[in-house]
Amino acid sequence: MSKKKSKLERTQELTELAIKKTNKKIDELGFYTSQIYDELNTIQKIFDDIRNVPSEEWLKYEELKKIRLNWKQQAEKIETDYKNTVAKNAGKGAAGVGIGVAFAALGPTAAMGIATTFGIASTGTAISTLSGAAATNAALAWLGGGALAAGGGGITAGSIIMNLFSPIGWMISGTALASSGFLLWKGKNDRNRLENIFILISKRDVKSFELAIVEINERITRIKDEVQKLNNAIERIKEFGLDYNLMPEDIQYELGSYVNLMNSSTQLLINPILGLQSKYTEDDFKTYNSFDKNKVDDRLRSLIIYLANLLYKITLDDKDKTLLWKSFKRNKEFLKLVEISKKDFDFSIIETVTDALQQKYHSEKN
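Residues numbered from 1 in each chain as written. Predicted model: local features only at pLDDT ≥ 70, side-chain atom pairs only at ≥ 80, totals over all residues. Heavy atoms only, no water.

1. Some details on unusual backbone geometry
Peptide bonds are mostly trans, and most non-glycine residues show a negative phi. One non-glycine residue, Asn52, lies in the positive phi region at around 60 degrees. With respect to the helices and strands, the residue Asn52 is situated in the loop between helix H1 (7–48) and helix H2 (55–89). In this model, Lys313 sits at a positive phi of 65 degrees, which is unusual for a non-glycine residue. (Helix = DSSP H or I, 4+ residues; strand = E, 2+ residues; numbered from the N terminus.)

2. With respect to the nonpolar core
The biggest cluster of nonpolar side chains holds 48 residues, and the ones touching the most others in it are Ile36, Ile43, Phe47, Ile237 and Leu255. Ile199, Tyr280, Trp325 and Ile349 belong to the second largest nonpolar core, which has 37 residues in total. (Core = buried A, V, L, I, M, F, W, Y, C linked by side-chain atoms within 4.5 Å. Buried < 20%, exposed > 50% of the residue type's maximum accessible area, 1.4 Å probe, protein only.)

3. Thoughts on a positive patch on the surface
The grouping of Lys4, Lys7, Arg10 and Lys203 at the surface amounts to a positive patch. Within the secondary structure layout, Lys7 lies in helix H1. Accessibility expressed as a relative area gives 48% for Lys7, which makes it partly exposed. (Patch = residues over 30% accessible without salt bridge, like charges linked within 9 Å, V, L, I, M, F, W, Y side chains within 5 Å. Areas by Shrake-Rupley, 256 points an atom, 1.4 Å probe, with all protein chains shown as cover. Salt bridge = Lys/Arg side-chain N within 4 Å of Asp/Glu carboxyl O. Lys, Arg positive; Asp, Glu negative; His and termini not counted. Charge placed at Lys NZ, Arg CZ, Asp CG, Glu CD.)

4. Things to note about the pattern of salt bridges
All chains considered together, the criterion is met by 23 salt bridges. Note that Glu282 and Arg301 form a salt bridge whose closest N and O atoms lie 3.2 Å from each other. Taken as a pair, Glu282 in helix H10 (residues 282–289) and Arg301 in helix H11 (residues 301–310) lie far apart in primary sequence, 19 residues in all. When its relative accessible area of 27% is taken as the criterion, Glu282 is described as partly exposed. With its nearest N and O atoms 2.7 Å apart, the salt bridge here joins Asp297 to Arg299.

5. A few points about the environment of Ala356
Within the element layout of this structure, Ala356 appears in helix H14 (residues 347–365). On the basis of relative accessible area, Ala356 is assigned to the buried category, the value being 0%. For the pair Ala356 and Asn289, spaced 67 residues apart in the sequence, the C-alpha separation amounts to 8.7 Å. Excluding its chain neighbours within four sequence positions, the residues that come into contact with Ala356 are Tyr280 and Tyr288. (Contact = heavy atoms within 4.5 Å.)

6. Notes on the packing of aromatic side chains
Inspection of the entire model under this criterion finds seven aromatic pairs. Plain terms: the ring middles of Trp58 and Tyr61 are 5.2 Å apart, the flat faces sit at 55 degrees to each other, and that makes the pair tilted. Residue Trp58 and its partner Tyr61 are both found in helix H2; the two are separated by three residues, about one turn of the helix. Trp58 gets classed as partly exposed once you look at its relative accessible area, which sits at 27%. Taken together, a centroid distance of 5.5 Å and an interplanar angle of 75 degrees make the contact between Trp325 and Phe347 edge-to-face. With Trp325 in helix H12 (residues 318–330) and Phe347 in helix H14, this pair connects stretches of sequence that are 22 residues apart. Judged by relative accessible area, Trp325 falls into the buried class, the value being 18%. Judged by its relative accessible area of 24%, Phe347 falls in the partly exposed class. Members of the aromatic cluster, each reached through a chain of ring pairs, are Phe47, Trp58 and Tyr61. (Phe/Tyr/Trp six-rings, centres within 6.5 Å; stacked < 30°, edge-to-face > 60°.)

7. Remarks on the packing of helix H8 (residues 188–237) against helix H9 (residues 249–270)
Packing of H8 against H9 leaves a shortest axis separation of 10 Å and a crossing angle of 150 degrees. When the axes of H8 and H9 are compared, the pair comes out roughly antiparallel. Crossing angle aside, the handedness with which H8 passes H9 is left-handed. Counted together, Arg219, Arg222, Ile223, Glu226, Lys229, Leu230, Ala233, Arg236 and Ile237 of H8 and Ile251, Glu254, Leu255, Tyr258, Leu261, Ser264, Ser265 and Leu268 of H9 form the full contact between these two elements. The residue makeup of the contact of H8 with H9, split by class, is nine nonpolar, two polar and six charged. (Axes fitted to C-alpha atoms, helices over the stretch in contact; angles between N-to-C directions. Parallel < 35°, antiparallel > 145°, perpendicular 65-115°, else oblique. Left-handed = near helix turned anticlockwise from the far one by under 90°. Nonpolar A, V, L, I, M, F, W, Y, C, P; charged D, E, K, R; others polar.)

8. A few points about the environment of Lys5
Mapped onto the elements, Lys5 comes out in the segment before H1. Under the relative-accessibility criterion, Lys5 is labelled partly exposed at 40%. Among residues more than four places away in sequence, those in contact with Lys5 are Arg10 and Glu13. Separated by 2.3 Å, the side chains of Lys5 and Glu13 make a polar contact. (Polar contact = N/O pair within 3.5 Å; in protein donor to acceptor, adjacent residues only side chain to side chain.)

9. Brief notes about the packing of H8 against H12
It is the contact of H8 with H12, at a shortest axis distance of 10 Å, that shows an interaxial angle of 90 degrees. Taken together, the axes of H8 and H12 are roughly perpendicular relative to one another. Here Asp190, Arg193, Leu194, Ile197 and Phe198 of H8 lie close against H12, whose contacting residues are Lys319, Asp320, Leu323, Leu324 and Ser327. Class assignment of the residues belonging to the contact of H8 with H12 gives a composition of five nonpolar, one polar and four charged.

10. Structural notes on H10
For H10, the set of buried residues is Asp284, Phe285, Tyr288 and Asn289. The arc enclosing the buried residues of H10, seen along the axis, measures out at 125 degrees, which places them on a common side. Set apart from the buried face of H10 by more than 90 degrees, the exposed residues are Asp283 and Lys286. Residues of H10 that are buried sit in contact with H11 and H14. (Arc of directions from axis to C-beta.)

Here you go:
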């Protein structure tokens, strides 16, 4: 007879299911993103053939081309890095298996979905505040989420788990921590307290995933609409001829409106899904740390941001804070992950995190 699952285990299963549903929806988003990208390329080719377009309009158009090229390169890099990570981890245990569970074979469509969901912008900014390899790693961390929730890679799953500091990674970190032996606490009451904290974290994250899916569905609907508009514009522009100076004024105006359409469509490529962004950001930390009384050693910045995201909107009393602090402090794998010694992980870190969150909540109200 199988052992009855605990409330924490059942909650973790719901979190894992929510992550998988979100991953699947991201993949679907990529399909439609691929369509709008193709339409934008088609209309771009038509614009390229038109002569004597005013420089102001031409500059706007060229900037959009640059944004799309940058975005495409980022999406391709995600796909390439993902495949390299799969190959590197093949046959090396749970981390490699876990990636395979998330996406058996990441193709261009899924990569585009990730790029769209996490918002790789024209400036190279990705996943809110990350870029380059960090952005890619954060995307891979997200893909590994399903396995982490199942306890596969656990907290020592190498390069994937180190991205717990990414805006995406924090969302899967609560379940990962709870699955890594973090809750091996001797006292039953204390253990129950810790489990309740992680149950609250999981429930919060499930709600975030559900809202993100709603947001992604809305994005897909908008993309479908924009694809149809682009398609109609392509057919219309073909009738305009190839010399801007020979076009009637009303046609010139109409052509300009299609540049605006290209702009709005391009934003659907690069604007992130807000429901999957960090709740506590680098900017929040900078604001908090700008007050003299709050001065925090910059070496602790990543740790403070990570813990602030982990504990965002989780109500803790003094007993909870003490238990959490002791649990973190005795977890060697966690300390190694966050690159801090047991000696240096003092209670003031927990106090700083809760203080920083209070300031965040206050700013959100105003």
